[in-house]
Each structure stands twice: as structure tokens, then as C-alpha cells.
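Survey of secondary and tertiary structure
Listed here are the chains, written in short residue letters.
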Amino acid sequence: MDIKQLKYLIALDQTKHFGQAATLCHITQPTLSMRIRRLEEELDLELISRSQRFEGFTEAGERILAWAKTVLAAHDGLQAEAANCRGQLVGSLRIGMVPLASQNPMQLIKPLSAKFPELRFQILSMTSEQIIDQLNRNQLDLGMCYVDQINTAYFDVIEMNSTDLGILYDSRFFDFAESEVLWESLNNIPLGLLSKGMHYRHSIDLSFGSKGLVPQTVIESNSTFHLIQAVTSGLCCAVMPLNSGLEELNEQLRIVPIEKAVVHSPLGLLKRKQEPYSAVTDQCFSEAKHLFNQ
């Protein structure tokens, strides 16, 4: 068994296609298939359900895949640690973020990129529960999520400012002349909202419900991108966090604060306390403390 075999297995999980996985790994499809077959023989397990095409992982394959991701993360961490010992900070910083966090991630990533030009970044959108799980599995380095139920015995936490809300709109289709809008004024406006069950959406529903209002929701999505597409098409407006930089995406987008509108769950940047974690994780978390305290 070697690291490359585990990389091939993970690439297959990412693409769900033997040919695309091979392309991703810069090898031929027969080579990828052969190396995974050898891994199966070595483990004496069938990992892949096969016919003419990839049909998924077996139950054993799913369990081995989870270990492969952990081993590869540890391998990458070892490489980054070795580089750190040579006075470099290289590798990839993996950050999980909840959708519609009030903190613009570029406020962290841009200064880190300027200070550590060899560093690369991965940003993944997921729920708070998924972020906690992947931090525990060492599949993420840092997580930006809601921390109201976080056990600080297991995580270092940098608390963020509260998330204030505004109404995002496209000035070609809507106009808000006031400097601050009331919840009542949004009751008859077509809205795009994050999917039900997510922290951010829960706070919005509480705000409407406390005033006896039922929003005119025309579209729901767990994707910020799709909500912004709906706004720029003129389909709706959207309740979004202030200071997240969304209104800077094009010159027609505007955002106006909503009166006394705050997400009730506090947001924080998390790092797992338990080792192993990489030198990249430790250094970037220290830089984040400095940046956010400013």
C-alpha cells in the first residue's frame, strides 16, 4: 500500500468516474484501475461496486475510504511540518464555512496569502455539524461556524462579531430609499432564503414569526450563489449578512440594513486542540487571532 493508491481511491470518490479520476491524477485509466485492484488484493476486500462503469463503494469501501482521507490528511500535514522545519509555510489550508457567514473569508485569506505566498487554500461550504465532524477527523484545518453548542474543551475558538442582517437587492429591479428597513416592509416582497433547518434561516424565521409575519418566499436554496443568481435575475430580494462583501459582486447589487436584525447564534473560527494538527493550521490560526482582534 502507498499514498498514491489512497489518492486514486479519493479521486474516484470525488469524480464517481474511472476516466475522470485518472485524468485528475494525471495517469491512464488502466493504471488507476490496476492500482486500486492491487489495493483490494492487499486488503483482501472488495472496495468498488463494478460493472461497465463505477457504481459506488461497497460498505467496506466506504469505511476504507474514510481512513484513506484521514491518512492522506496526516501525510499532507507531515509534509507541511517538514517544510515548516525548513523555515517555509507551504501546503493547503482547508477551511470549512457555514453558508452566509457574516465574515468575508477574504479578510483572512488575502493577508495569509500575502504573508505566505506558497500557501494554498480550500474553502468548503457545509453545516456547523459537518465542520465539527471534519475537524475531529482532521479533514479540515479550521472551521468558521456557529459556536453556541461548541465544547471549548476540544476546540480553540476566536469569537467573531455578531451577524447583522440586511436586504440584498438588484437596483435594476427593486429600490429601498430608506437607510434601514423594517421587517414589516419585507412581508410583501418576494424573497430568496437559505434552506430551512440551517442556523441562519432559523434566525430569520424567528424574526418574522415574532412579529406575526409570513414571508413571501419564492425560492429556497442551500447555495449562496444560487440565491445571488435569483437576486440578479430580478426574481427576488434576499436576507443576507452585512459586511460579507456580497454587494461588491457587481455594481447593481445593494444591501440595506434591517432594523434590529441579528443572527442569534454566535459565529467563531475553530481549531481542534487535540494533536496532530499541522504547522500550517497552528500558524494560520495565530495570524487569524491577530487579524480579528484588530
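The structure presented is a predicted model; accordingly, all values stated were derived computationally and were not measured. (Residues numbered from 1 in each chain as written. Predicted model: local features only at pLDDT ≥ 70, side-chain atom pairs only at ≥ 80, totals over all residues. Heavy atoms only, no water.)

Attention now moves to the packing of aromatic side chains. Across all of its chains, the model carries four aromatic pairs by this definition. Their ring planes at 70° and their centres at 4.9 Å tell us that W183 and F208 sit as a pair that is edge-to-face. A residue pair is termed long-range when its members are at least 10 positions apart, and W183 in the loop between β7 (164–170) and β8 (191–194) and F208 in helix α7 (residues 199–210) qualify at 25 residues. On the accessibility criterion, W183 (2% relative accessible area) is buried. Assessed through its relative accessible area of 1%, F208 is described here as buried. Among the aromatic residues, ring-to-ring pairing joins F18, F54 and F57 into one connected group. Seen from the ring of F285, K271 lies directly overhead, with NZ or CZ sitting 5.7 Å from the centre. (Phe/Tyr/Trp six-rings, centres within 6.5 Å; stacked < 30°, edge-to-face > 60°. Helix = DSSP H or I, 4+ residues; strand = E, 2+ residues; numbered from the N terminus. Buried < 20%, exposed > 50% of the residue type's maximum accessible area, 1.4 Å probe, protein only. Lys NZ or Arg CZ within 6 Å of the ring centre and 35° of its normal.)

Spatially, five strands are ordered β9-β8-β10-β7-β11 in an open sheet, and the strand pairing comes out mixed. The sheet is open, and its two edges are formed by β9 (217–221) and β11 (253–262), each paired on a single side. If you compare each strand with its neighbour and ignore which way they point, the axes differ by 35° on average. Here β7 pairs with β11 via six bridges, running antiparallel. Residue G166 lies in a different strand from β11, and its bridge partner there is P257. (Pairing = 2+ DSSP bridges. Axes fitted to C-alpha atoms, helices over the stretch in contact; angles between N-to-C directions.)

Take the sheet that holds strand β3 (residues 91–97) next. The five strands are arranged β4-β3-β5-β12-β6 in an open sheet whose pairing can be described as mixed. Each having just a single partner strand, β4 (119–125) and β6 (155–159) make up the two edges of the open sheet. Strand-to-strand, the axes of this sheet are offset by a mean angle of 25°, without reference to chain direction. Inspection of the sheet shows β3 paired to strand β5 (residues 142–146) by three bridges, in the parallel sense.

Below, the discussion takes up empty space enclosed by the protein. In the structure shown here, the tally under the stated rule is one cavity of 30 Å³ or more. When its volume is computed, the largest cavity comes out at roughly 50 Å³. As for the largest cavity, its lining consists of L135, N138, L140, D141, K271, R272, Y277, S278 and T281. Broken down by class, the residue content of the lining of the largest cavity amounts to three nonpolar, three polar and three charged. (1 Å grid on protein atoms, 1.4 Å probe; cavity = no way out; pocket = protein on both sides within 12 Å on 5 of 7 lines; lining within 4 Å. Points joined across faces, edges and corners; volume = space filled by probe spheres on them. Nonpolar A, V, L, I, M, F, W, Y, C, P; charged D, E, K, R; others polar.)

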